[in-house]
Structure formats: structure tokens, C-alpha cells
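Residue-level listing of the chains:
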Amino acid sequence: MSVQVENNLEDEITTIHWHGLEVDGDADGGPHSGIQPGESWTPEFTIDQPAATLWYHPHPEKNTGRQVYKGLAGLFFIEDEVSDSLGIPKDYGVNDVPLIIQDKQFNENGSFQYELGMHDVMNGLQGGTMLVNGAVDPYLEVPKGMMRLRLLNGSNASVYELHFSNNQTFYQIASDGGFLENPIEMDELILGPAERAEILVDFSNFKDGDTIQLSNKGSEFMKFVVNGESESNYAIPEQLTTIEKIDPDEARKDTFIVYPGEKVRAIATFNHSGVFMYHCHILEHEDAGMMGQFKVE
Ligand SMILES: [Cu+2]
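Conventions and cut-offs
Sequence positions are assigned chain by chain, starting from 1 and proceeding in written order. In view of the model being predicted, local features appear only for residues whose pLDDT reaches at least 70, and side-chain atom pairs are presented and counted only at 80 or more, with totals across whole chains, interfaces and linings using the full set of residues. For helices the rule is a DSSP run of H or I covering at least 4 residues; for strands it is a run of E covering at least 2, with both sets numbered from the N terminus onward. The globule rule used here is 2.2 Å times the number of residues to the 0.38 power, and the radius of gyration it is set against is calculated over C-alpha atoms. Only strands that DSSP links by at least two bridges are regarded as paired with each other. Under this scheme, a helix contributes an axis fitted over its contacting stretch, all axes are lines through C-alpha atoms, and angles between N-to-C directions fall in the 0 to 180 degree range. For every domain, the bounds stem from an assignment made automatically or drawn from a database. Think of it as a crowd count around each C-beta: if 20 or more other C-beta atoms lie within 10 Å the residue is buried, if 12 or fewer it is exposed, and in between it is partly exposed, with C-beta placed from the backbone throughout. Each nonpolar core comprises buried Ala, Val, Leu, Ile, Met, Phe, Trp, Tyr and Cys residues, the members being joined through C-beta atoms within 7 Å. We call two residues in contact whenever the C-beta atoms placed from their backbones are within 7 Å.

1. Overview of the overall build of the protein
Then step 1. When helices and strands are tallied, the protein shows four helices and 19 strands.
Then step 2. Taken over the C-alpha trace, the protein has a radius of gyration of 19 Å; the compact-globule value for 297 residues is 19 Å, and the two agree within 12%.
Then step 3. Taken along its principal axes, the extent of the C-alpha atoms in the protein is 55 × 50 × 40 Å.

2. Some thoughts on the sheet that holds strand E12 (residues 170-175)
Then step 1. In spatial order, the strands read E8-E7-E6-E10-E15-E12-E13; together these seven strands make up an open sheet with mixed pairing. The open sheet has two edge strands with one neighbour each: strand E8 (135-136) and strand E13 (178-186).
Then step 2. As defined by bridge partners, E12 adjoins E13 across five bridges and the pair is classed as antiparallel. Bridge assignment links Tyr171 to a residue of E13, and that residue is Glu185.

3. So, the sheet that holds strand E17 (residues 219-229)
Two strands in a sheet stick together by hydrogen bonds in their backbones, pointing the same way (parallel) or opposite ways (antiparallel).
Then step 1. The strand order across the open sheet formed by five strands is E9-E17-E16-E11-E14, and the pairing between neighbours is mixed. Strands at the two margins of the open sheet, each flanked by one partner only, are strand E9 (139-144) and strand E14 (189-191). Averaged over neighbouring strand pairs, the angle between their axes works out to 30° when direction is ignored.
Then step 2. One ladder, built from three bridges, connects strand E11 (residues 160-164) with E14; its direction is antiparallel. In the sheet register, Leu162 faces E14, and the bridge partner there is Leu189.

4. Some words on the domain arrangement of the protein
Then step 1. Under the domain assignment, the protein is made up of domain 1 (5-83 + 246-296) and domain 2 (90-229).
Then step 2. Each of domain 1 and domain 2 has a C-alpha centre, and the two are 21 Å apart.
Then step 3. Broken down by secondary-structure element, the contributors of at least two residues to the side of domain 1 that touches domain 2 are strand E4 (52-57), helix H1 (64-69) and helix H4 (283-287).
Then step 4. Ranked by residues supplied to the side of domain 1 that touches domain 2, first place goes to H1 with four residues.

5. Overview of the pairing of E11
Then step 1. Pairing geometry for E11 and strand E16 (residues 211-216), over three bridges, is antiparallel. Following the sheet pairing, Phe164 is matched in E16 by Leu214.

6. Some thoughts on unusual backbone geometry
Then step 1. Although it is not a glycine, Asn167 adopts a positive phi angle of roughly 60°.
Then step 2. One non-glycine residue, Lys217, lies in positive phi territory at about 50°.
Then step 3. Within the secondary structure, Lys217 is located in the loop between E16 and E17.
Then step 4. For Lys217, a count of 11 C-beta atoms within 10 Å corresponds to the exposed category.

7. Focus: the nonpolar core
Then step 1. Core analysis: the largest hydrophobic core is formed by 44 residues, its most contacted members being Ile101, Leu151, Ile173, Ile199 and Leu200.
Then step 2. For this core, the element with the highest residue contribution is strand E10 (residues 146-153), accounting for five residues.
Then step 3. Split by domain, the residues of this core number at least three in each of domain 1 (5-83 + 246-296) and domain 2 (90-229).

8. Observations regarding the environment of Asn216
Then step 1. Relative to the elements of secondary structure, Asn216 occurs in strand E16.
Then step 2. The exposure class of Asn216 is partly exposed, given the 19 C-beta atoms found within 10 Å.
Then step 3. Through-space distance from the C-alpha of Asn216 to that of His163 is 6.7 Å; in sequence the pair is 53 residues apart.

9. Notes on the environment of Ser230
Then step 1. Tracing the sequence through the fold places Ser230 in the loop between E17 and strand E18 (274-279).
Then step 2. For Ser230, a count of 18 C-beta atoms within 10 Å gives the class partly exposed.
Then step 3. It is 8.7 Å that separates the C-alpha atoms of Ser230 and Asn95, two residues lying 135 residues apart in sequence.
Then step 4. Ignoring anything within four residues of it in the chain, the contact list for Ser230 reads Pro143, Lys144, Gly145, Met146 and Ser204.

Printed below as a string of C-alpha cells:
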């Protein structure tokens, strides 16, 4: 497929990086693929990887944090025979709903405030207001049944600790690179910047009008209002897919949180050639140079 990306910004270079997509380096949208104002970029690629929830965001040198913060970030879904065959909700916007979670601070006129102080350069910019899909105080009407939520931490720097106000459990079914082998039951999900998770949440034991809140570290930021019957019945699948792996705890990841003193071991196969980047996804760190590149030949 090919995608045409037009840069309609007045005086800024941008790029579009397909975070998680396996493509050649020249289609990857790194800082070396800058699109000048008024110009367009049309990368071509073939999608050949497992079903997953991926996202795109700009990657211009020293300006990624600002452009993502101002709103240039979105999701795209890859589906395959595994996702098609699973008995899980897949009706987009009805029982399969994307939630792009971000935190921002605002100027008095309501525009996004992106001014970096020393603290923001050191720790990344964290805003005090949570947004979901660009909305403040969001709510979603859900039927009495199973919902599939595709979560993206689209923040510049914040680690989210997500749970429901009634402490109900839910099941993670996918991570950055697609389905887990088996659903994992949990009552809290920790999601670092750029990480994704798909979860199944069962709202079938509620009454019409019941409200459940989604919280981050104890503060509620999104309301689910139960209304109506679900059109289908779903059970939590026992197995989702099979993953070729060495360690039983592995999942397909492209982004991970590394706490102080911690080490993460990643195993990758390179099937595409070109120049690729690796970097910190605290965007103010990346813009300040916490980024490198490698070439696959
Ligand atoms: Cu990214």
C-alpha cells in the first residue's frame, strides 16, 4: 500500500513515523525523512505482520514532543486471520473502541500550553488534565456486555496506572505488537508513553444508568455509562494466538518502561533494510538527543 502524507504546516518540517510497523527504513518516517512545508511524502510498503494496534506520530529532529503534544498522533489497526477468527468484540466504535489517553496543560484561551521549563526538559512534560481521544471529561455509553478497549498512552512523558473505580478486574489480550498467547486477568494496568494494550471489560452485571470510572493513580478521568443490552455474548477466550518465543514471559513489544537500575532484554529479527532509530519515548528526552540509529543492510 502507499500513504500520501501532506505537510500543511506553515513553517515547520514534520515526518510521520509508523510506530510498530515493520517497513524499510526509508518508509519509517524518521528524522531523515523530513517533509518540508507544502510538500508531501508517499511511502510504499507491504504490511506483513500479526494483528496489532499501532500508532503514528511525527518524528522531526528536536520537535517531536511539541508536534505530538499539539495533536499529531493517531491509531491504526492491523487485522489478520487470527483477529478475524477470535470470538471477541470487533465492531469498531460499538464494542471495539480506541482510547488515546494523553495529559495536557492549557493556556487561558484553551490552547495547549507547550513551554518547557528546566523540570520538563529533565522529566518530560506532564500536563495536569487527562484527555481521551482529544476530549476533556469524556464519557462512553456501553451496553451490558463485553467491551474491547484499545488503549494507547499517547502522552509525552507520563506513566499511567489505570484501574476502574469499582476495582473490577479486566483482561489484557494484546500488547504493542499484537495478541498475547493467553488473556491476563488484572485490576490495574501500567502503561508507559507509546505503549498500547487491548483489554476486555465485562459490563454485563450492571444496570442501566450505572456509572464506572476509569482512573489514573486514583483520579477519575473517564466515565462509562451502562445503557442497553449487548447484541452479542462473548466469553474470555482461553487462548488468543501462539507466539514463537524463548522465555515464557515474552510478548511482542516495541516500547517498554525501564525503571532505575533495571535491564530489559529485547530480541528482534530484522527483515527490512535501511536506517532505523531507537530512542527514549519520553519525547522531551528524545528531542534533547536521547536517540540513536542503526543501519540494516
Ligand atoms: Cu514512537
